[in-house]
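Fold and geometry: a report
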Amino acid sequence: MANKVFTGTGRRKSSIAQVKMTPGKGQITINGRDVREFFPYETNVMDLMQPLVLTNNEKTFDIEAKVNGGGFTGQTGAVRLGIVRALLLYDKANEGNEDSYRTMLKRAGFVTRDPRSKERKKPGLKAARRAPQFSKR
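This structure is a prediction, so every number in the text was calculated from the model and none was measured.

What counts, and at which threshold
- Residues numbered from 1 in each chain as written.
- Predicted model: local features only at pLDDT ≥ 70, side-chain atom pairs only at ≥ 80, totals over all residues.
- Heavy atoms only, no water.
- Helix = DSSP H or I, 4+ residues; strand = E, 2+ residues; numbered from the N terminus.
- Rg over C-alpha atoms; globule rule 2.2 N^0.38 Å.
- Buried < 20%, exposed > 50% of the residue type's maximum accessible area, 1.4 Å probe, protein only.
- Contact = heavy atoms within 4.5 Å.
- Areas by Shrake-Rupley, 256 points an atom, 1.4 Å probe, with all protein chains shown as cover.
- Lys, Arg positive; Asp, Glu negative; His and termini not counted.
- Charge placed at Lys NZ, Arg CZ, Asp CG, Glu CD.
- Phe/Tyr/Trp six-rings, centres within 6.5 Å; stacked < 30°, edge-to-face > 60°.
- Core = buried A, V, L, I, M, F, W, Y, C linked by side-chain atoms within 4.5 Å.
- Pairing = 2+ DSSP bridges.
- Axes fitted to C-alpha atoms, helices over the stretch in contact; angles between N-to-C directions.

1. Some remarks on the overall build of the chain
Of the regular secondary structure elements, the chain holds four helices and five strands. The order of helices and strands in the chain, counted from the N terminus, is β-β-β-β-α-α-β-α-α. Compactness check: the chain gives a C-alpha radius of gyration of 18 Å against a globular reference of 14 Å for 137 residues, more than 25% above the reference. By principal-axis analysis of the C-alpha atoms, the chain measures approximately 75 × 35 × 20 Å. Expressed as a percentage of its 137 residues, the buried residues of the chain come to 34%. For the chain, long-range pairs separated by at least 24 residues make up 66% of all intrachain contacts whose partners lie at least 6 apart in sequence. With the model as given, the accessible surface of the chain reaches about 8,900 Å², and the carbon-plus-sulfur share is 49%. Across the chain, the 27 positively charged side chains and the 13 negatively charged ones have centroids separated by 15 Å.

Structure representation (structure tokens):
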């Protein structure tokens, strides 16, 4: 496991993240910057760390992610899904067991990709569902 690299791709809304996970001290780098410097809100960082906290791997792996597209929330979700997929690759041998990462992460709802994305604008409306203001007179 010395130079082993585990990769995962995550998508959320219009964001795509490519995550590389290597054994290390818990350093998280996104687009070449520290995670706390890249994401402006602590809630984004907490959301991103949830799978690592759940599996007790906060200080076990160094994570390097490249993410583009979307905003902070979509990018956070994309990186989180990439981390989950990399963790599943790491724990592939234990897959059938009750204490496997897959069981824990699936129970917490992290394995499933969130399919929600922005709905397209419709003709005659101001947005996807927002109609122009109605005036009786």
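Next, the rest of the story.
2. So, the packing of aromatic side chains
Taken as a whole and assessed by the stated rule, the structure comprises five aromatic pairs. Look at Phe38 and Phe39: their rings are 5.0 Å apart centre to centre, the planes differ by 85 degrees, and that puts the pair in the edge-to-face class. Cluster of aromatic residues (ring-pair linked, three or more members): Phe6, Phe61, Tyr90 and Tyr101.

3. Points about the nonpolar core
In globular proteins that are soluble, nonpolar side chains generally tend to be buried together. The biggest cluster of nonpolar side chains holds 28 residues, and the ones touching the most others in it are Ile28, Ile30, Leu48, Val79, Ile83, Leu87 and Leu105. Where this core is concerned, the elements lending two or more residues are β2 (15-23), β3 (28-30), α1 (35-38), α2 (42-54), β5 (61-68), α3 (72-90) and α4 (101-108). With seven residues, α3 is the largest single contributor of residues to this core. Setting aside residues no more than four positions away along its own chain, Ile28 makes contact with Arg33, Asp34, Val35, Leu48, Met49, Leu52 and Ile63.

4. Observations regarding the sheet that holds strand β1 (residues 6-12)
Reading across from one edge, β1-β2-β5-β3-β4 is the order of the five strands in this open sheet, with mixed pairing throughout. The open sheet has two edge strands with one neighbour each: β1 and β4 (33-34). Note: β1 against β2, seven bridges, orientation antiparallel. Across the sheet, Gly10 pairs through a bridge with Ala17, a residue of β2. Its contacts with the sheet place α3 against β1, β2, β3 and β5, and it is angled at close to 145 degrees to β1.

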